[in-house]
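# Coordinates in review
Here's the letter readout for the chains.
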Number of protein chains: 2
Amino acid sequence: MKPFQNISVYLGVEENNVIKEQHPMQETLDQRLTERNIKPTAVRLLVLKAFMAQEAAIGLADLENRFDHADKTTLYRTLKTFEEHKLIHSIDDGTGALKYALCQETCDCTPEDLHVHFLCTVCNKTFCLNDTPIPQINLPTDFSLDSVNMVVKGLCSDCR
Amino acid sequence: MKPFQNISVYLGVEENNVIKEQHPMQETLDQRLTERNIKPTAVRLLVLKAFMAQEAAIGLADLENRFDHADKTTLYRTLKTFEEHKLIHSIDDGTGALKYALCQETCDCTPEDLHVHFLCTVCNKTFCLNDTPIPQINLPTDFSLDSVNMVVKGLCSDCR
DNA sequence: GCACTTTTGCAACCCGGTTGCATAGGCTCC
DNA sequence: GGAGCCTATGCAACCGGGTTGCAAAAGTGC
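Everything in this summary refers to the structure shown in the same document. Given the structure is predicted, the values throughout are model-derived calculations rather than measurements.

Cut-offs applied
Residues numbered from 1 in each chain as written. Chains lettered and ligands numbered in written order. Predicted model: local features only at pLDDT ≥ 70, side-chain atom pairs only at ≥ 80, totals over all residues. Heavy atoms only, no water. Helix = DSSP H or I, 4+ residues; strand = E, 2+ residues; numbered from the N terminus. Expected span 1.5 Å × (residues − 1). Buried < 20%, exposed > 50% of the residue type's maximum accessible area, 1.4 Å probe, protein only. Least-squares fit on C-alpha atoms with pLDDT ≥ 70 in both. Contact = heavy atoms within 4.5 Å. Near = heavy atom within 4 Å. Polar contact = N/O pair within 3.5 Å; in protein donor to acceptor, adjacent residues only side chain to side chain. Nonpolar A, V, L, I, M, F, W, Y, C, P; charged D, E, K, R; others polar.

## Some points on helix α3 (residues 42–53) of chain B
Taking 1.5 Å as the rise per residue, α3(B) with 12 residues should run 16 Å; its terminal C-alpha atoms sit 16 Å apart, in good agreement. Residues Ala42(B), Val43(B), Leu45(B), Leu46(B), Val47(B), Leu48(B), Ala50(B) and Phe51(B) constitute the buried set of α3(B).

Structural data, given as structure tokens:
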């Protein structure tokens, strides 16, 4: 079977001869994509599903491992597309590989949407601390502020 | 002439038949290295000199460009050596290439020595804001804090 | 001068990210 | 329902920053 020929197989909808009404899960996934003007393709639905299934941020390598039948480039471009359309945002946690996490539904990726990211030094997972806004800082005079990246390292609740 | 056979040439000390008293600049460079238990070699003195000559942080590529007769690996290891001995600290400003900046003389690279780094989005230079300590943040319960990386982007005093 | 350690230089590799290009799939219009 | 078009996907190859192995050169102690 060629990859992705039948979306429903991959999304877990039962296959019958007759096309049944859409699975409720897929419906929300679909919505989430179309809301952001992203065409819902098989790979995209799968990737979005992965994001919605877990709290921790996801990197390209994670996706490659999870979907070993999907191509690296496709996954890469899927992430880029999602990012462009502000469905996810990228996180540089200093580990050398970018990770991505779902934006909040109301997110517009403006400075007000910025938040602290947390990297657990044991499990190496990265989380958005959506409730932890980045504190204000005082820059030297003559410096103007644009954006801030703040990554906190430590132990997450599972690892301490 | 083989590279680095005669340190003084590279450090700008006049060459005579008789070895003259050390150049005052080289003396301080020497001191700075030996203080941190680093043997003062030609390359190391040169690299340290580069760090002391400018405020902005320096990356491996910068050094490669500046000293085109020196090998990338040597410069790389020089940076590593300096970092190990806490003469410089590394800065991940999100540009994809690590940069390094001189530690303050009193620095021990403990959490208290952490400070905010500033990346100018125009000239792409990175600075230590040594007088801007990283503000405290409130983590969710059950998260423990280890270290914090905070990079501010904006316009530096030269570029605005 | 000789043996030993450290530093330097060269080559090659690794890994994450990225691009070019050809093919496959889906859509429209007639 | 077939032709043409646009988009998404897959494959291969590349790029840049960082890193390692190994041999030659330089420095050190005797």
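This is not the end of the story, as more comes after the structure.
## Here we look at the relation of the copies chain B and chain A
Taken as rigid bodies, chain B and chain A are interconverted by a rotation of 180° and an axial shift of 0.0 Å, the fit giving an RMSD of 0.1 Å. Within this description, the copies of the chain are treated as partners about a two-fold rotation axis. Using C-alpha coordinates, one finds that chain B approaches the rotation axis most closely at Met150(B), a distance of 2.2 Å. Of all interface residues in chain B, 100% are interface residues in chain A too; the two copies therefore contact each other through one and the same surface.

## Here we look at the protein's contact with DNA strand D
The immediate surroundings of DNA strand D are formed by 21 residues, with Thr41(A), Arg44(A), Arg77(A), Tyr76(B) and Leu98(B) found nearest. Thr73(B) is positioned such that a nitrogen or oxygen atom in its side chain is 3.5 Å from a base oxygen of DNA strand D. Residue assignment for the surface near DNA strand D shows that the elements contributing at least two residues are α3 (42–53) and α5 (72–84) of chain A together with α5 (72–84) of chain B. Sort the elements by how many residues they give to the surface near DNA strand D and α5(B) lands first, with five residues. The residue inventory of the surface near DNA strand D, partitioned by class, reads seven nonpolar, six polar and eight charged.

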